[in-house]
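# Structural description and commentary
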Amino acid sequence: MRLLKAGVCLAKVHFLSAGSVTVKKVLINSCRACSSGVFPNEKIRNIGISAHIDSGKTTLTERVLYYTGRIAEIHEVKGKDGIGATMDSMELERQRGITIQSAATYTMWKNHNINIIDTPGHVDFTIEVERALRVLDGAVLVLCAVGGIQCQTMTVNRQMKRYNVPFLTFINKLDRMGANPSRALQQLRSKLNHNAAFVNIPIGLEGNMQGIIDLIEERSMYFEGPFGQIVRNDDIPAEFRAEAADRRQELVECVANADELLGEMFLEEKIPTKDDLKAAIRRATIQRLFTPVLVGTALKNKGVQPLLDAVLDYLPNPSEVKNYAIHNEGDSKETKIQMDPARDAANPFVGLAFKLEAGKFGQLTYVRVYQGCLKRSDYIYNTRTSKKVRVQRLVRLHADQMEDVDEVYAGDICALFGIDCASGDTFTSKTSTNLSMESIHVPEPVISMAIKPLHKNDLDKFSKAINRFTREDPTFRVHFDTESKETIISGMGELHLEIYSQRMEREYGAPCVMGKPKVAFRETITSPVPFDFTHKKQTGGSGQYGKVIGVLEPLEPESYTKLEFEDQTVGTNVPKQFVPAVEKGFRDACEKGPLSGHKISGVQFVLEDGANHMVDSNEISFIRAGEGALKQAMEKAQVVILEPIMSVETVAPLEFRGAVISGVNRRHGVITGQDGAEGYFTLYADIPLNDMFGYATELRSCTEGKGEYTMEYSRYQPCLPAAQEELIHKYLEATGQLPAKKNKWKS
């Protein structure tokens, strides 16, 4: 039938005689149309490309798309031609030259269908990487040959570990000054504890990088033609033979340590064939016991084709990855859902919505199909809301362009239109199967800012934008602060929030003003305090009566963000049905602390005894008693203010070490360690978040723009007495308990 269709299309085209280009297009489209049905699991790879900021992920994806014939010409990130890379489809991304949203695409290489997700590198957009790794079967970790393992690389590594994703490492930017792939490999072993070895090595570095040597096939590869699209194989140059032999031996040893079959051959001193070695690398990589390391430079078009071959050779296909679904039947026993390698409709459909995006045709939902088959105009059920929805349009994505498909099978990544759901929902084809795929880990926001639209008239546009962004991005939180009457947005960093405010102006025409964010301080107590509180209220009719006795205790420093409630009552002095009411009262009262109006946390409310009245005790009286007990205890207690401490990692050239260290000390930081390598040093410090504002600009100015830092939330700890005084003073001024100073002059 499909051939017929293609034939008819061709005939039409012939009559129109519009030239051969259209013919080509039609042929490609007809191949695409049959792709979902024909492809067995063995010929599918779902991979993500993730790395530290500016390691060249998007440039690498651009080359991959070009060599696989998916795009006709290469455009650079922040290119001079004003077009920008294919995967950076948002205008803001092109302007800034960074990736903000992960973009999905698929392409063909040697008859294999590769689904690729290009992810951002900034710590502010961690959730994009998190979602991508959750639904992918394998990944490519890109390292910069100059920077080596950087802070965000470690975050990505932790995420891969969390979702058990096997990966290849690609050392990029070998054309940069100071490129040192062996150092990057050394760091991969020492810092990330991976059993890694080179699978290919470069011929020359920096300016005179000519090609690469494939250690498994024992040959050299040169990339010729204007875009390196012609690969020429040759013998290994004489001067590199010794190094190639050593590196190959090292590769065999590393794989033999991880793979039993190759280990036995190694001990019997048999020489493994190329196929033996490849099979062993594949087995070890899929079990995450070994990491193949490839080298190249995407910008100079070298080493990308061997990477594509390695993706096919060493990364798992969807049937080699075990995916579990949790069966919600009161007892949460885990039932394995092994994906059906046959890619047919025999099993019921199960899919996970891992990303939402508002396109011009309504909400676009990215879905990874884990089992069964989904056809257009099927009905599917959202297991979280148990609503039934109809699939109106089913598309496959290439950055921001879409292609309609009629059906998708297990292992595919597709998108649905006009389906109302949240990120992390599970869809099934039956109502009875109450399954949910494990949800995606969402990191807590680290920074909050006050935001409001510039003009009052833009309020509805503003709320529309906020609504859309919060659904798209679980790390972007919005709440209305009733005390300060401000809309507070929280996110993963200054860049994250700034990007969203710019998107509001661009996409919704609602320019915004952002204020210095409020840091999420907390209040806690230093030692246990007893309380004995009676709530009595007598009006006409039945009154209110509740009495609670117990102790308010501080928790351990690691659980400073938690609130705990323990019921140690014996007997019926406090009837059991009122204990939840006491807890509710305690939790409500913790919303506002006595010192600075911040939340109370890091305390445990131990209810030991109390009293009730036959008639007057009801739920509300015990809620009030719980609130009063907390207030009474806090008045007696020694209260301290806790502030969030960030672990900050600063990388800068050695000559600026003094300036950077003094900058950290000025911000009340505690230096926890430092290491250096080749002219750069890395400083690890714990700095209070309240002192981190504007650090980026200060660091840039004191290191001539060469320094960079990343920070992530570490813990809460009591703040300095001076900072506490200032916070209390500000709170008293804001609530009108202290007269505000008129002429503030700095001494």
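As a starting point, this report considers the structure included with it.

### Thoughts on the overall build of the protein chain
- The helix and strand tally for the protein chain stands at 19 helices and 38 strands.
- Taken across its 747 residues, the protein chain has 53% of its residues classed as buried.
- By sequence separation, contacts in the protein chain at least 24 residues apart represent 71% of the contacts at least 6 residues apart.
- For the protein chain, the accessible area works out to roughly 34,300 Å², and carbon and sulfur atoms hold 52% of it.

### Quick word on the packing of helix α15 (residues 579-589) against helix α16 (residues 619-636)
- Two elements in contact, α15 and α16, have axes separated by 7 Å at closest approach and are oriented at 45°. Our classification of the angle between α15 and α16 gives oblique. For the crossing formed where α15 meets α16, the hand is right-handed. Counting all contacts with α15, which are made through A581, V582, K584, G585, F586, D588 and A589, the residues of α16 involved are E619, F622, I623, G626, E627 and L630.

### Describing the sheet that holds strand β2 (residues 103-109)
- Reading across from one edge, β2-β3-β1-β4-β5-β11-β6 is the order of the seven strands in this open sheet, with mixed pairing throughout. If you trace the sheet from one side to the other, it starts and ends with β2 and β6 (196-198), each paired once. Direction aside, the axes of adjacent strands within the sheet are offset by 25° on average.
- Bridging between β2 and strand β3 (residues 112-118) involves seven bridges; their strand directions are antiparallel. Of the residues in β3, the one forming a bridge with M108 is N113.

### Re the pattern of salt bridges
- Under the counting rule described, the total for this entry stands at 22 salt bridges.
- Among the salt bridges present, the one from K300 reaches D175, with a minimum N-O distance of 3.5 Å. Of this pair, K300 sits in the loop between β11 (291-295) and α12 (304-314) while D175 sits in the loop between β5 (167-172) and α8 (181-190), and the two are 125 residues apart along the sequence.
- A salt bridge links K278 to D313, with the nearest nitrogen and oxygen atoms 3.7 Å apart. Separated by 35 residues along the polypeptide, K278 in helix α11 (residues 274-286) and D313 in helix α12 bring together distant segments of the chain.
- Take K278: its relative accessible area is 24%, and that puts it in the partly exposed class.
- Through salt bridges with shared partners, a single ionic network connects E217, K274, K278 and D313.

### Remarks on the packing of aromatic side chains
- This structure, assessed with the given rule, holds ten aromatic pairs.
- Here the aromatic rings of F469 and Y500 are separated by 4.8 Å at their centres, their planes lie at 40°, and the arrangement is tilted. Taken together, the residues F469 in helix α13 (residues 459-472) and Y500 in helix α14 (residues 494-508) connect sequence positions 31 residues apart.
- Judged by centre distance (4.8 Å) and plane angle (35°), the rings of F586 and F605 are tilted.

### Quick look at the environment of Q717
- Topologically, Q717 is positioned in strand β38 (residues 708-718).
- We classify Q717 as partly exposed; its relative accessible area is 28%.
- For the pair Q717 and Y560, spaced 157 residues apart in the sequence, the C-alpha separation amounts to 7.9 Å.
- Excluding residues that lie within four positions of it along the chain, Q717 makes contacts with Y560, I641, L642, E643 and I645.
- Of note is the side chain of Q717, whose polar atom sits 3.1 Å from the side chain of R715.

### So, the environment of L689
- Following the sequence through the fold, L689 ends up in the loop between β37 (680-688) and α18 (695-702).
- Accessibility expressed as a relative area gives 4% for L689, which makes it buried.
- In the structure, L689 is positioned 20 residues away from G669 in sequence and 9.9 Å away in space, judged by C-alpha atoms.

### Observations regarding empty space enclosed by the protein
- Applying the stated criterion across every chain, the model contains three cavities of 30 Å³ or more.
- The volume enclosed by the second largest cavity comes to roughly 70 Å³.
- Lining the second largest cavity, in full, are A104, T105, Y106, N115, I116, I117, R396, L397, I413 and C414.
- Counting only elements with at least two residues in the lining of the second largest cavity, the list comes to β2, β3, β19 (394-398) and β22 (413-417).
- Considered class by class, the residues forming the lining of the second largest cavity number seven nonpolar, two polar and one charged.

The rules behind these values
- Numbers given to residues run from 1 along each chain, matching the order in which its sequence is written.
- Owing to the predicted nature of the model, reporting of local features is limited to residues with pLDDT of at least 70; listing and counting of side-chain atom pairs is limited to 80 or more, with chain, interface and lining totals taken over all residues.
- Side-chain metrics rest on all non-hydrogen atoms present in the structure, leaving aside hydrogens and water.
- Here a strand is any run of E in DSSP of at least two residues, a helix any run of H or I of at least four, and the numbering for each starts at the N terminus.
- Only protein chains enter the accessibility calculation, which uses a 1.4 Å probe; a residue whose area is less than 20% of its type maximum is buried, one above 50% is exposed, and one in between is partly exposed.
- Any two residues whose heavy atoms approach within 4.5 Å at even a single point are treated as in contact.
- Each accessible area is a Shrake-Rupley estimate made with a 1.4 Å probe; only the visible protein chains count as cover when residues are assessed.
- Note on geometry: axes are lines fitted to C-alpha atoms, helical ones only across the stretch in contact, with angles between N-to-C directions running from 0 to 180 degrees.
- Comment on the angle field: the value is read as roughly parallel under 35 degrees, roughly antiparallel over 145, roughly perpendicular from 65 to 115, and oblique elsewhere.
- The hand of a helix crossing depends on one turn: near helix anticlockwise from the far one by less than a right angle means left-handed, and clockwise means right-handed.
- Think of it this way: DSSP has to see at least two bridges between two strands before they count as a pair.
- Think of a salt bridge as a Lys or Arg side-chain nitrogen and an Asp or Glu carboxyl oxygen that are within 4 Å of each other.
- Any two of the Phe, Tyr and Trp rings considered here, Trp counted by its six-membered ring, make a pair once their centres fall within 6.5 Å; the pair's planes then place it as stacked at under 30 degrees, edge-to-face at over 60, or tilted in between.
- Polar contact is the term for a pair of N or O atoms within 3.5 Å; when the atoms are in protein, one must be able to donate a hydrogen and the other to accept it, and sequence-neighboring residues count only if both atoms are side-chain atoms.
- The rule is simple: put a 1 Å grid over the protein atoms alone, call a set of points where a 1.4 Å probe fits but cannot get out a cavity, call an open set with protein on both sides within 12 Å along at least five of seven lines a pocket, and count a residue as lining if it has an atom within 4 Å of a point.
- Grid points are joined across faces, edges and corners, and a volume is the space filled by probe spheres set on the points.
- Amino acid classes used here: Ala, Val, Leu, Ile, Met, Phe, Trp, Tyr, Cys and Pro are nonpolar; Asp, Glu, Lys and Arg are charged; the rest, including Gly, are polar.

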